[in-house]
Amino acid sequence: MTDTPLTSISSIAVTTLDGRATTIGELADGAVLVVNVASKCGLTPQYAALEQLARDYSRRGLTVIGVPCNQFMGQEPGTPEEIQEFCSTTYGVTFPLLAKTDVNGENRHPLYAELTKTPDDNGEAGDIQWNFEKFLVAPDGTVVRRFRPRTEPDAPEVIEAIEKVLPR
């Protein structure tokens, strides 16, 4: 666990999948679970658990934000329209999706420049390893936990961390 504050997370500019310019603060006014996603990955079925988290915890202040990324073996090749259709028809996704984004490298989005400073439970910070890496950010902007891709969204450690940052 880390207490690395993201002092400007609410003001970080992002673009939604439908091309609307916004900020993280406009998309989420409480806790946030930020996840880099892909439609053609072996981990893609995690969308179902992410949608369930969004439904179960939205009233308590959690917003799941999906960040499509094509940097891992080209597993998110679709257009914004194709990504939206896939997510909504296959997994019933209702949580916000951002425009396709680089999470690693010289064109890394400013959101991920901040998030990747956070170490995982083994103390490793740095680049995103694969699709479906998850970051839980508390309402005050503190990065609470980093969960690597194979950690399921509904794993006990994820649920426990979410419960700790949400109002009772």
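Everything below is about the structure shown above.
Within every chain, residues take consecutive numbers counted from 1 along the sequence as written. Given that this is a predicted model, residues contribute local features only at a pLDDT of at least 70 and side-chain atom pairs are listed and counted only at 80 or more, while totals for whole chains, interfaces and linings are drawn from all residues. As a rule here, side-chain values cover all heavy atoms of the structure and leave hydrogens and water aside.

Counting its regular elements, the protein chain contains five helices and six strands. Runs of H or I in DSSP of at least four residues are treated as helices and runs of E of at least two as strands, each being numbered from the N terminus. Counting helices and strands in the order they occur from the N terminus, the protein chain gives β-β-α-β-α-β-α-α-β-β-α. Here the globule rule reads 2.2 Å times residues to the power 0.38, and the radius of gyration is calculated from C-alpha atoms. In terms of overall size, the protein chain behaves like a compact globule, its C-alpha atoms giving a radius of gyration of 14 Å where 168 residues would be expected to give roughly 15 Å. Counting only C-alpha atoms and orienting by the principal axes, one finds that the protein chain spans roughly 35 × 35 × 30 Å. A total of 168 residues make up the protein chain; the buried ones form 52% of that total. Relative accessibility under 20% of the residue-type maximum defines a buried residue, over 50% an exposed one, and the middle range a partly exposed one, all with a 1.4 Å probe and only protein chains included.

This next bit is on unusual backbone geometry. In this structure, M73 is a non-glycine residue whose phi angle is positive, near 55°. In this fold, M73 is placed in the loop between β4 (62-68) and α3 (80-91). For M73, a relative accessible area of 68% translates into the label exposed. The residue F132 is not glycine, and still its phi comes out positive at about 70°. By secondary structure assignment, the location of F132 is in the loop between α4 (110-115) and β5 (134-137).

Time to look at the environment of E160. Among the structural elements, E160 can be located in helix α5 (residues 156-165). For E160 and D56, which are 104 residues apart along the polypeptide, the C-alpha to C-alpha distance reads 14 Å.

Turning to α5, its buried residues number three or more, namely V158, A161, I162 and V165. An end-on view of α5 places all buried positions within 100° of arc, on one side of the element. Residues P156 and K164 are exposed on α5 and point more than 90 degrees away from its buried face. In what follows, residue pairs with any heavy atoms lying within 4.5 Å of each other are defined as contacts. Of the surrounding elements, those touching the buried residues of α5 are β3 (31-37), α2 (46-57), β4, β5 and β6 (143-147). In this context, the arc is that of the directions from the helix axis out to the C-beta atoms.

Structurally, N36 can be placed in strand β3. Accessibility expressed as a relative area gives 0% for N36, which makes it buried. Contacts described as polar in this section are N or O atom pairs within 3.5 Å, which, within protein, must combine one atom able to donate a hydrogen with one able to accept it, while residues neighboring in sequence count only if both atoms come from side chains. A polar contact of 3.1 Å, which involves the side chain of N36, links it to the backbone oxygen of W130. In terms of polar contacts, N36 uses its side chain to reach the backbone amide nitrogen of E133, at 3.0 Å. Residues contacting N36, with those up to four places away along its chain left out, are V67, C69, F72, V103, Y112, I128, W130, N131, F132 and E133.

Regular strands place their side chains on alternate faces of the sheet. Residues of β5 alternate between two faces, with K134 and L136 on one and F135 and V137 on the opposite face, all of them buried. Judged from the four bridges that link them, β3 and β5 form a sheet pairing that is antiparallel. Bridging from a neighbouring strand, V34 pairs with F135 of β5. Pairing of β5 with β6 involves four bridges; the strand directions are antiparallel. Across the sheet, the residue bridging to V137 is V143, located in β6. If DSSP finds at least two bridges between two strands, the strands pair. Hairpin geometry of β5 and β6 is characterised by an intervening segment of five residues between the two adjacent antiparallel strands and by a positive phi of about 90° at G141.

What is shown is where atoms sit, not what they do.
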